[in-house]
Structures are given as C-alpha cells and as structure tokens.
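Chain by chain, the residues run as shown.
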Amino acid sequence: MLASAVNIDVKYLLPGQPVDITTGQPIPAGRWISLTCFLPNSTATTCSNITNAMINQAALPVPSTDITLRVLVMVVNVSASTQCGSRAGANVTQVENAFLGPNGYADFFGNCSYGKMVFDRQALKVVPVAVNCSLPIAMCNEDAISMAAKQALPADIQIGSYSHFVFVLPANMAVTCGWVGLAELPGTQSWFTPDNLGIFSKGTVMQEMLHNFGLYHGWKDGLEYEDYSTAMGSGDSCPSAPELWRLGWATPLAQLNSSSFPRATYNTFNLPATYLGPTGVMIKIQPDWLDPLYTKNLYLALRMKAAGDRDLLDQFSGKVRSSTSTHAMPSPRAVPLHYYTVTPTIHDIIITHIIKYYYEIIPLFYHASHHPNIPLPHRPNSRQVRI
Ligand SMILES: [Zn+2]
C-alpha cells in the first residue's frame, strides 16, 4: 500500500514488492520510497505496473523548536451497528491527568525539550467521541477511526484551532491492531491503545508524537526499539544525544573531527548531564579521517535520573553513553554503543573508567590515518576523558 504525496488520504495498491532501481534489490516494508505507478484509468487506485522505485532520503528536518502543541485528544468509543459490536472508551479523566497531571506528558515534553516543545495546557482538550462500528474500524484501520472520530466531534470543537490530534482507541483493540502506538511520520496524528503500554505510557506517547516531528526509532545492536535509554526506543526517558541534537533541543560541548581535533593531540572535557542542558551536553565526534568509511557520527553524553530523565533506567543513570547516528541522514537512527561509569556531582560531571574508549575509538583513529601506532596511557581511574 502506498500513500500519495499529493493527496495523503488516497492510498494505492502495488502489484507486488517494489524493486530498488539502483540496487536491483527488493525494498523491504517500512521504508519511505518514491516510484512511478501506472493506473489503468483515472479513478483506479491499483497500480497496473510500477517503475523507478527507490528508497528516499529521510525528509528534511521538521522544525521542532519553539513549538507549542495544541492537542486535541479524542477518546473513541464504538457503538454497536449491524456490522459489529460496541466497545467502551478509555476513562477521559485519567487521560487528561496523564497529559496535565504532575509529571505528566506536558511536564515530560517541557523538561526533555528544555522548554522548546511545550503543551498549551489551556488548549489541550480531551473529548469522548462515540462512533458507529464499521468493519474498517473493527479491523483497526487507523484512517477510518480518525475520520469517523473527527466527524463525530461535538459542534463546539474547532478542529482548525489544534496542531496535533491524538486518538485513544476503544478497549480490546491491541491484538487486532498489532501495535500500542502509531503515528504519522512526519504528520499531526497519532493513535494509542487505552492501556499502560499505549496512552498511559509516557514513552509511547513521546515516541509517537516525536514521529510527527520526523524522528525515527532508536536501535541497539542492529535491533529496532532495543534502545531502552530513549523514548524513541523502548525507554520512558528523554531522547538520546543524537536525537536531542537532531531535534535542535540541545547543543554539543564540542564537535570533533580531523580539522578541529588534529592527530596526536589531547583534550579534556567536563561533560554535564543532559538534563542540565540545553547547552553543551554532548560531545559530537565526526570521524571524517575514516573517509570513505565515514558513515556515522558518534555522540558522547551523560545521563542522570532527574527532570525529564527521572524515569531513566538505572543501567543508564550516571553513565556516559556513546551513540552513533548515520551522518548522511538528516534524521539520526541512534544506536548506543557503550556505557562508561562516572563520578557525578550535582553540576559538574567528571568522567572516569574510560578504558574502552581508548581501545575502541583511538586505535581506529591512528590505524585509519596510517599514523604510527602511538601507545596510549592506560589509566582506568583517570578523571578526565581524552579524545
Ligand atoms: Zn514508533
């Protein structure tokens, strides 16, 4: 199924799995692609043939700073029809509290973004919506659900005054849907199951709403969702360093590459925890000396359980984390590599235990640049990070 770039509500059925014209390889599901679809007539929505299929570069970044979210939450319940039975909706007050209550989603977004993406608390509206059951709705067709919900809104709700639309599904849909959260990437709509993995999960809600701003999933060891340190993976904490950078929410303390950081030089950085941002909370390394193998940037950041990261898992708290992101793509797919133990004080974090760093990053540097292999100091209790 393919959505038209011209009219997003029109979907086209492909005759088969598209083959990438540049590689000759079948394109797996889940990619953003462009192709030419031949239609047998002007009203058809099934392509008789397709050509020129290729994977798109990620879209340009969606502006994600100075954002005030004006959110309309539609809590959908389904009334029985001849086609299918009724289903109850979620508790409206509980949904409202999840967004606006203490440590709710409004606080979470405000903290993680350092005030750059905030909910308009007065504008946020949670409204119960009753729709008649139809087969597409019972089959969890998200477009059918959102269209029916929008049409069934009370007359005093002005759709045009909202920036984002959240749909809470009726009970017992998770198995049929096969997801707990779904979002347009990029876009303005997101859908959630009415349970602790869906609308009542801060991580799920942040992930889906940040998909709306063009952010992809967090990965670990080649596995999607496996990064538990960010809401974009499976965590209940703020975005990771490359994601914060991409969103424009936080800035690097230093950006290191072959010109800004020449061979055989050393430097010392005191890296504050990300929650103390937004300024200077990550070290961005661009290993351009590896060219043409330079495909990823490396980010070092320290995470602590505080502010937006109050629910950070213990395994990441007080650790310096290195993540990579694909530098050629405007949107990083963050991949955590290693964790380093640190000695935290309140405002000044000094990094210790950096053995892995020496062995895994620096030798690569010298090897790749054909520089004589300079022995590096082995100081596991060093109180500085050296790059
Ligand atoms: Zn997602």
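The chain is annotated in an unreviewed UniProt entry as Peptidase M11 gametolysin domain-containing protein of Volvox reticuliferus.

Engineer: Got a sec to walk through the pairing of strand β6 (residues 71-79)? Specific residues and values, please.
Structural biologist: The buried count for β6 comes to 7 of 9 residues, which makes it a mostly enclosed element. Of the strand pairs in this sheet, β6 and strand β8 (residues 125-132) are connected by 8 bridges, and their pairing is parallel. Its bridge partner being in β8, Ser79 is matched across the sheet by Asn132.

Engineer: How would you sum up unusual backbone geometry? Please name residues and give values.
Structural biologist: Going from Leu185 to Pro186, the amide bond is cis rather than trans, its omega being -10°. The phi torsion at Asn103 lies on the positive side, around 60°, for a residue other than glycine. Residue position: Asn103 is located in the loop between α1 (92-100) and α2 (105-112). Asn103 gets classed as exposed once you count the C-beta atoms within 10 Å, which come to 12. Backbone geometry places Ala307, a non-glycine residue, at a positive phi of 45°. Examined against the element boundaries, Ala307 turns out to sit in the loop between β17 (296-303) and β18 (319-326).

Engineer: Go over the nonpolar core, please, and point to the residues and values.
Structural biologist: In this structure, Val73, Met74, Val75, Val76, Phe167, Val168 and Met282 are the most contacted members of the largest nonpolar core, which totals 74 residues. In terms of residue count, β6 provides more of this core than any other element does, 7 residues in total. Mapping this core onto the domain boundaries places at least three of its residues in each of domain 2 (67-214) and domain 3 (241-386). Contact partners of Val76, with chain neighbours within four places excluded, come to Gly89, Val129, Val131, Ile145, Ala149, Phe167, Val168, Leu169 and Pro170.

Engineer: Provide a residue-level description of α2, including the pertinent values.
Structural biologist: For the α-helix, the turn length of 3.6 residues means that residues three or four positions removed from each other point alike. Those residues of α2 that fall on the buried side of the exposure criterion are Tyr105, Ala106, Phe108, Phe109 and Cys112. The arc enclosing the buried residues of α2, seen along the axis, measures out at 165°, which places them on a common side. Tyr114 lies just past α2 and shows a positive phi near 55°.

Engineer: Summarise the packing of α2 against helix α6 (residues 202-211); cite the residues concerned and give the values.
Structural biologist: Running from N to C, α2 and α6 cross one another at 60°; their axes reach a closest spacing of 11 Å. The orientation of α2 relative to α6 falls into the category oblique. Once α2 is placed against α6, the crossing between them reads as right-handed. Packed against α2, whose contacting residues are Tyr105, Phe108 and Phe109, the element α6 presents Lys202, Val205 and Met206 at the interface. Grouping the amino acids of the contact of α2 with α6 by side-chain chemistry returns 5 nonpolar, no polar and 1 charged.

Rules and cut-offs
- Residues numbered from 1 in each chain as written.
- Predicted model: local features only at pLDDT ≥ 70, side-chain atom pairs only at ≥ 80, totals over all residues.
- Buried ≥ 20, exposed ≤ 12 C-beta atoms within 10 Å, placed from the backbone.
- Helix = DSSP H or I, 4+ residues; strand = E, 2+ residues; numbered from the N terminus.
- Pairing = 2+ DSSP bridges.
- Core = buried A, V, L, I, M, F, W, Y, C linked by C-beta atoms within 7 Å.
- Domains from an automatic or database assignment.
- Contact = placed C-beta atoms within 7 Å.
- Arc of directions from axis to C-beta.
- Axes fitted to C-alpha atoms, helices over the stretch in contact; angles between N-to-C directions.
- Parallel < 35°, antiparallel > 145°, perpendicular 65-115°, else oblique.
- Left-handed = near helix turned anticlockwise from the far one by under 90°.
- Nonpolar A, V, L, I, M, F, W, Y, C, P; charged D, E, K, R; others polar.

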